[in-house]
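# Coordinate inspection notes
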Amino acid sequence: NGSRDWLLVNWAMFSQLVQIEDLTRLNSNFNALDAAELLTPSQLGEFAGKTGAVTNADDVQKLFNSITSASVTQFIENFRTAASQNNVAFAPGVRTALLQEVLNRTQPILLNASNTELQIWFSTRLKVLLTGLTENMVPLIFVSETCNGSRIIVSTLSSIKQQLTSSVQEAIYRNILTYTKEIPLRCYENNSFSLYLESQFENFSEFLTLSDVSSFVPSNRAAEVFNTADPIDFADLFSRPRFIDDNTLLTMVLMNYQPIQNLGTFVDRFNKKTRDDNLTDAQQTGIMKGLWPQFVNSLVVLNDTEQDEWLNARLNPYLSFITTDLLASNNTLRVQCLPYRNIVRTLSIHYGDFTSDKQKEIYNGINVYLQQEPKPKCYNVNDPDLNSTAWFAQYLGLFMNNVSATDLQSFARNESILQDFAENRENQLLVANLTLPTEISKLYVNFLVNNNPNVDILSIPGSLICFTADTAAFQSLNGQKTLTVIERINQVCEFSPTSNATSDTLPQITDEQFKLSKSLVSKIDNFSVSTLNNLKQTAFGMSVSQIEETDPNNFKGALTSLSNVRGWKLGQTRTIVSKLSSSGLEFNNKNILIRLGTLVAGVPSNVFQSTEPTILADVTSSPTFVRNILEAPQTTQQIIVLKVLQTETDPSRRVRKIPNKLVKEIPSVLLTSELSLNDVNNKPWVPSQAAVFFESIVTKNKDYTTFSPTVLQGFSCGAVKDLNSDEFLQLVRSMKGKRAVLDASQLSCMSYRLTSTGTPPTIDTFPEDLLLFFNSNKFRRSPNCKAFFKAVGKSNLNILQKGSKRRKKLLNDAFTCLGITGGSLTKESVTVLGGLTCDLEGSIISNCDISILDQLRNCISYSEDQMAAIEPLLYNRTNKFGLPRTWTSRTVSELRNLPLALSSIWKDVNQDVYNAAIPKVIRKIKKFSKRKVVRKFIKQLRRRRRLRRAAVCTVRQITSEVINELIPVNYDAAQLEACLDNATLKDNVELLGSLDFDSDQLEVLKNKLNQIYPNGLPENQIELLGNISTVFNATEVSSWNITQIETLAALMMQQLENTTVKSIITRYLQLGGTLDAVSVKAIGGPNLCTLDESQLMTISNLTNAGVLDISICTQSKKNWLYTQALSELISQQNNTIAYFNLIKPYLDGAKAGDLDVLANNKVNMDFATFIKLNPEEITKISATQLQDLLGINLPALQTGANETVVLSWVRSHFESEVRSVGLSGGIPDPSSDPQLNLMCGNTTFNETASCAAANSSALNNFLMSVNKSQLCNFNIIDYACAQSNLLLTGLTSNQLASVFNCFTTAKALNKPDGTTLGVFIQKLDKTILNEALDKFNNMTLSTSSIPLMTKITFVNALWEIV
């Protein structure tokens, strides 16, 4: 009946004496587990020690049911022996189950065991089972509180560590750590921290971290204990992966590890061990913060060799992590001068390894040291170690690059010492090899010159001579010496000739090059051929007067040299070309035009107009000519292109014949033919040109990734209407990263099509600008909302007008995404918002992370409250630009657009920095800002100066070399009058005309010009007037000599009064000018609108003039211009999309029938074009035609529902039609009840009888320009008898609600007024009436104040109308 019964029957009490081996031999079916309670622990141990005897955890449980704590020792001894003899192999889980049961029963034994007993248990009895250890069992292992007992356990576990799982290893480590932490420094007795860690943790020390180590070392003993560690062992420990987990602790340990020799050994070993490891920036920063104080404090005991070893080897990997705080710490500031010199030398050697921000940071630290008293720090003329004047080289080195003018001047109390430093050749060699901010170079030159007024300018070393303009060094120059100086300057000041240049454009002249050339050339009286040749690049410093006084033949003789000079002003080239012409030189052949080089920009356009087309086609094949002609007026370029186009009839060859840099002058009408991608790709087209050929290109080429950005910018939804969804998606994705410039109309229609079937799932493949037109509401709570708004922040937000609803919504939804509810932003939020920060309120900017400045500097405009918030941030010491007094001109450049937001801050900026930087700032602002923004900025700058009105010049006499963008700031009208002589004005009309003077200042210039030219301005001066022309009135300009197209074009570029514009154009026509494509393009659409229709009718080739904005023209003029364009483009109508883009500028005058044609051809008209259409014509098209006309852009009607054109269409169509296009309102639909239909349109109230004696002329005038505050000034009879059309167009629903409010309160109506009220109401548009009644109800919260009879009067009248 089983093993138990067999044992009882056959062995009885003798069963405990027999060997398990004998029992199994006598009964092959015997199973000890079934008879376990009849067997001894020794027998069970012997049984369990055989392979396969115990197969699972249940077997183990049966085995141990009869084993107690008292008998477990017998069991384990026999088990250990049997297992060893049998080389037992355990079934899965059995070893772990056995160990668990053994540990449960051995706890009372182990807890009271001696060290000897523990040794037997762990090294002998338990060892075969310990590899089955689990995390839960680990606490049962650590049974000893004694140091030796603990070591026995740890040592045993350490010997089998590799056989344990990683989780068990970590659990053992945590238990060792807990044991060690219970009593700080438990078992620490051998005065060696390295040995202590080894004995406590053994192989489990691999899990040690710095914070763990710190947890069992009392802070008051940390330095003592750590200093006992062997530096090699300590370095090995610290170099282990994951050991350094607390950088603050790391710094603390290193700061206290001594002596310095041990620290050096530690660093050597640590650097070697971590050479190939990637220490984090934070770890390296922590290391530097720990090592640096130790190093600088030990400099007094380190010899030169040891110092070099520390600086060039040990600290070398961490130099990039040195900070201003370290360099400006008390420890560093106490460093002696000679060791400090070594520090600067080492940092200077690694200057190129540092980022620009780190270079500034290091300089700031050096600056703090050098600002210590006595000044100059580390200079003592009586100390042989410190009397070297090579102070800049020794104590600044390459960090001289970062010095500010304020700092440089403050290094010494006495400027004469700085002058001595400046004369040192070692310093000069340093400075000559640096690219210093302009003001520093000039300051250095002034130190040299002021120390020696008779200094030979040629002795000024290297590039410093390039900054000698406007210094005393020029005072003693004569003509011959000047030429010698010029020769040197042409060699060292980047005044390179252009003949071998490969760039497509000419390099720009710097401010200093301009001043230098002007200053030098003004010293020369006679310009012979030899002199002109020797001038080389500085020749552009010649004044117009000097050019006029020079013999024409001299220019002809020096043409080869002069033709390579860059930087000529138009007035100079015009005068030189005129001189060359008078010398007999003719410009109508290829060789001469190319020989003219940079002077070709001065050739009058009429010369090119009369030149044979084939000659111009030949000359434009020269890259040099093309590069130089780009400096000519646009009219000249346009004439050349039109002439070249005449030489070819084949469309493809015609386009290829025009050089890339000039293709923007090809009339769009010539681009409609079948051009290939190769013909148009990678050429700088303007969008209106690309729009004409885009449909042809996109339908024939499916690899959109090959399209250049200038081709892609021709995109329109009409052009891609035949692409399927996949093709369209590929096209959109191909635009990402290509910087294709698309406008709001293009992007919005792209968005409409992409989202017509829902929000696309993968927005990361779309160009960022496109995301501006997605519904941000759908992203604000999505999981990837941060990615969406970060992409929006990288887009060109300026596509949307600042303050627009869409931009506001984007910012609000971004706030929701980021969970921003308060008034401050973290650095992460600022990074996500990106360009959206440009729309933040000032109160939020004030409380943002300082990194907000990095984003704000890219904004193109700032509100008043933003400006008020930005300036205080720049006084925050943590901002990356430093305090304003430390700025350099380079810093101001790094501010990008932030100067626009600054006003009072400029008073704290060094004057030399201000003078060097602000002209560049103004020039930059003028490139992207309107003139009023520039003038506002200049007005802000004037606050820096307190100008004194005086009849004499109190500022400084204005000479040619000092004229720059600061003249309008520094000279008010009175000082401009006093400080600018007529000769200087005559030579600099062009330059002064480009500056942003106010009207008073411009009047001064105008009056002076009238004095210079009492018989009237010559045409060559009129062309150069620039802003000065804006103060001449229509009468004055009507007598001007305007015969050249470039003169007309120059005047049309200015912001002139309409009467003046008309007078100028009329004068041009009177003197023989014509309105052809070139002149019309120069005049521009808005100016064209000032002309009479009779003048417009003389236009020829209108559509060759490019895109014209005629929106301000009267409707009759729009109509005529449209008719003219239509007649010119009639042959293009078969190419629908190309035709639409060509006719688009003139559609303001299109008839309904023409719009219907466009609708039938599915052009997908953009909404910007739609709202410019004639409202009267729009009312004539049906809902279906409107849908076909707008196509994919139909949803734009909803956002633009208040546009005049939309309102006109709505008011002229039935409600059902209006609803069909997604709008509300319209004429009520006719009822299906015939009887009611008869009543529709009946006049309920008799207007004739009511208005027989009324006079509403005052109200009629008022309705033409409604002032809401005056609505109550009129009576109900006035409104009733007003002209119906004026009521319909003059009163909005808001204003009508206010009228109702007047007649229910202040002018409450009574019963006799009922008929008059009815006459008034029946004239109103019913949609407007309904909206007004709703708004009136909403504003009338309580009707108790309205007289009862007034209520009755209104209800009766309204009832009759309804």
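These figures come from a predicted structure and were not determined experimentally. Residue positions are counted from 1 within each chain, in the order its sequence is given. Restriction of local features to residues with pLDDT of at least 70 applies here, the model being predicted, together with a cutoff of 80 or more for giving and counting side-chain atom pairs; totals for whole chains, interfaces and linings are based on all residues. Each side-chain value is worked out from all heavy atoms of the structure, with water and hydrogens disregarded.

### What to know about the overall build of the chain
When you go through the chain residue by residue, the secondary structure sums to 86 helices and zero strands. Both definitions apply: the radius of gyration is a C-alpha atom measure, and the globule rule equals 2.2 Å times residues to the power 0.38. The C-alpha radius of gyration computed for the chain amounts to 45 Å, which surpasses the reference 34 Å derived for 1362 residues by more than 25%, pointing to a less compact arrangement than a globule. Only protein chains enter the accessibility calculation, which uses a 1.4 Å probe; a residue is then buried when its area is under 20% of its type maximum, exposed when over 50%, and partly exposed in between. Evaluated residue by residue, the chain yields a buried proportion of 53% over its 1362 residues. Should any heavy atoms of two residues lie within 4.5 Å, those residues are counted as being in contact. Long-range contacts, defined as pairs at least 24 residues apart, comprise 69% of the intrachain contacts of the chain with a sequence gap of at least 6. Entry remark: accessible area of the chain is about 59,600 Å², with carbon and sulfur atoms responsible for 48%. Counting from the N terminus, the helices are DSSP H or I runs at least four residues long and the strands are E runs at least two residues long. Residue-level accessible areas treat just the shown protein chains as cover; the underlying method is Shrake-Rupley with a 1.4 Å probe.

### Regarding the packing of helix H26 (residues 415–423) against helix H28 (residues 438–451)
For any two helices packed against each other, one specifies the crossing angle of their axes together with the interaxial distance. In contact at an axis separation of 8 Å, H26 and H28 are set at 100° when each is read in the N-to-C sense. With respect to each other, H26 and H28 are oriented roughly perpendicular. Seen from H26, the contacting residues are Glu 415, Leu 418, Gln 419, Asp 420, Phe 421, Ala 422 and Glu 423; seen from H28, they are Tyr 444, Phe 447, Leu 448, Asn 450 and Asn 451. As a working rule, the residues Ala, Val, Leu, Ile, Met, Phe, Trp, Tyr, Cys and Pro are called nonpolar, Asp, Glu, Lys and Arg charged, and the rest polar, with Gly in that last group. Here the residues of the contact of H26 with H28 sort into six nonpolar, three polar and three charged. Axis lines are fitted to C-alpha atoms, over the contacting stretch for helices. Their N-to-C directions set the angle, which ranges from 0 to 180 degrees. Our angle categories are set so that under 35 degrees counts as roughly parallel, over 145 as roughly antiparallel, 65 to 115 as roughly perpendicular, and the remainder as oblique.

### Notes on the state of the cysteines
Structurally, a disulfide amounts to a covalent bond that connects the sulfur atoms of two cysteines. By definition, disulfides here are pairs of cysteine sulfur atoms that lie within 2.5 Å. On inspection of all chains with the given rule, the structure shows 10 disulfides. Cys 1251 shares a disulfide with Cys 1281; S-S distance 2.0 Å. Residues Cys 1251 and Cys 1281 share a disulfide whose torsion about the S-S bond is about -90°; that sign makes it left-handed. Taken together, the residues span a long stretch of sequence, with Cys 1251 in the loop between helix H79 (1247–1250) and helix H80 (1257–1263) and Cys 1281 in the loop between helix H81 (1276–1280) and helix H82 (1284–1290) at a distance of 30 residues. Grouping residues by exposure puts Cys 1251 and Cys 1281 together as buried. Looking at Cys 848, it has no disulfide partner, and the nearest cysteine sulfur is the one in Cys 859, 12 Å off. You can call Cys 848 buried: its relative accessible area is 10%.

### Examining helix H6 (residues 94–111)
Any helix carries an expected span of 1.5 Å times its number of residues minus one. In this model, H6 (18 residues) spans 25 Å end to end at C-alpha, consistent with the 26 Å of a helix rising 1.5 Å per residue. A residue's bend is simply the angle between two axes: one fitted to the seven residues ending at it, one to the seven starting at it. Considering bend angle alone, the principal kink of H6 is centred on Arg 105 and spans about 50°; proline Pro 108 follows within four residues of it. Within H6, burial applies to Val 94, Ala 97, Leu 98, Leu 99, Glu 101, Val 102, Leu 103, Arg 105, Thr 106, Gln 107 and Leu 110.

### Points about the environment of Asn 1260
Position of Asn 1260 among the secondary structure elements: in helix H80. Along the primary structure Asn 1260 and Lys 1117 are separated by 143 residues, whereas in three dimensions their C-alpha atoms are 27 Å apart. Excluding its chain neighbours within four sequence positions, the residues that come into contact with Asn 1260 are Ala 1282, Gln 1283 and Leu 1286. Polar contacts involving the side chain of Asn 1260 include one to the main-chain amide nitrogen of Gln 1283, which spans 3.0 Å. Nitrogen and oxygen atoms within 3.5 Å of one another constitute a polar contact, given that in protein one can donate a hydrogen and the other can accept it, and given that sequence-neighbouring residues count only through two side-chain atoms.

### Things to note about a nonpolar patch on the surface
Patches in this entry comprise residues that are over 30% relatively accessible and not in a salt bridge; like charges within 9 Å are linked, as are nonpolar side chains (Val, Leu, Ile, Met, Phe, Trp, Tyr) within 5 Å. The term salt bridge refers to a pairing of a side-chain nitrogen on Lys or Arg with a carboxyl oxygen on Asp or Glu at a separation within 4 Å. Together, Leu 1348, Met 1349 and Ile 1352 make up a nonpolar patch on the protein surface, roughly 270 Å² of accessible area in all. Considering the arrangement of structural elements, one finds Leu 1348 in helix H86 (residues 1348–1361).

### Overview of the side chain of Asn 1164
Locating Asn 1164 in the fold gives a position in the loop between helix H71 (1152–1160) and helix H72 (1167–1170). You can call Asn 1164 buried: its relative accessible area is 13%. Of the polar contacts made by the side chain of Asn 1164, one reaches the backbone nitrogen of Ile 1192; its length is 2.8 Å. The contact partners of Asn 1164, leaving out residues within four places of it in the chain, are Cys 717, Gly 718, Lys 721, Leu 1189, Leu 1190, Gly 1191, Ile 1192 and Asn 1193.

### Things to note about the packing of helix H22 (residues 337–349) against helix H23 (residues 356–370)
At a minimum axis distance of 12 Å, the contact between H22 and H23 shows a crossing angle of 165°. Of the possible angle classes, the one that applies to H22 and H23 is roughly antiparallel. You can see that H22 and H23 cross each other, and the crossing is left-handed. In this structure, H22 uses Cys 337, Tyr 340, Val 344 and Leu 347 to contact H23, whose residues at the interface are Ile 362, Gly 365, Ile 366 and Tyr 369. The residue inventory of the contact of H22 with H23, partitioned by class, reads seven nonpolar, one polar and no charged. Helix crossings are classified by the rotation of the near helix relative to the far one: an anticlockwise turn of less than a right angle makes the crossing left-handed, while a clockwise turn makes it right-handed.

### Some words on unusual backbone geometry
Among all residues except glycine, the phi angle is most often negative; among peptide bonds, the trans geometry is most common. Here the bond from Gln 258 into Pro 259 is cis, since omega is 0°, no more than 30 degrees from zero. Among the structural elements, Pro 259 can be located in the loop between helix H16 (247–256) and helix H17 (260–273). Here the bond from Glu 373 into Pro 374 is cis, since omega is -10°, no more than 30 degrees from zero. Within the fold, Pro 374 resides in the loop between H23 and helix H24 (391–395). Backbone geometry places Lys 536, a non-glycine residue, at a positive phi of 50°. Turning to its location among the elements, Lys 536 is positioned in the loop between helix H31 (529–535) and helix H32 (544–549).

### What about empty space enclosed by the protein?
Of the grid points, spaced at 1 Å and generated over the protein atoms alone, those admitting a 1.4 Å probe that cannot get out make up cavities, while open sets with protein on both sides within 12 Å along at least five of seven lines make up pockets; any residue with an atom within 4 Å of a point is treated as lining. Grid points are joined across faces, edges and corners, and a volume is the space filled by probe spheres set on the points. Following the criterion strictly, the structure yields four cavities of 30 Å³ or more and no others. Around the largest cavity sit Ser 668, Ser 688, Val 692, Thr 1103, Gly 1106, Val 1107, Asn 1141, Leu 1142, Pro 1145 and Tyr 1146, which together line it. Where the lining of the largest cavity is concerned, the elements lending two or more residues are helix H43 (687–700) and helix H70 (1136–1143). Looking at the lining of the largest cavity, its residues break down into five nonpolar, five polar and no charged.

### Structural notes on the pattern of salt bridges
Inspection of every chain in the model, using the stated rule, returns 52 salt bridges. Two residues, Asp 679 and Arg 656, come together in a salt bridge whose shortest N-O distance is 2.7 Å. In this pair, Asp 679 sits in helix H42 (residues 677–680) while Arg 656 sits in helix H41 (residues 651–657), placing the two residues 23 residues apart along the sequence. Judged by its relative accessible area of 3%, Asp 679 falls in the buried class. Classification of Arg 656 by relative accessible area gives partly exposed; the value is 48%.

### What about H26?
Within H26, the full set of buried residues consists of Ile 417, Leu 418, Gln 419, Phe 421 and Ala 422. Looking at the buried residues of H26, the elements they touch are H24, helix H25 (405–410), helix H27 (425–432) and H28.

### Some points on the confidence of the model for the chain
When pLDDT is averaged across the chain, the result is 92; 97% of the residues are at 70 or more. In the predicted structure, residues 498–502 sits below a pLDDT of 50 and forms seven contacts with residues beyond four places in sequence or in another chain. Contacts of residues 1232–1243 to residues separated by more than four positions or lying in other chains number five contacts, the stretch itself having pLDDT below 50. Per residue, pLDDT captures the predictor's confidence, and it can take any value from 0 to 100.

### Observations concerning the side chain of Asn 402
You can see Asn 402 is positioned in the loop between H24 and H25. Since its relative accessible area comes to 14%, Asn 402 is described here as buried. Reaching out from Asn 402, the side chain makes a polar contact with the side chain of Tyr 351 at a distance of 3.0 Å. Among all residues touching Asn 402, those that are not within four sequence positions of it are Tyr 351, Gln 359, Lys 360, Tyr 363 and Thr 888.

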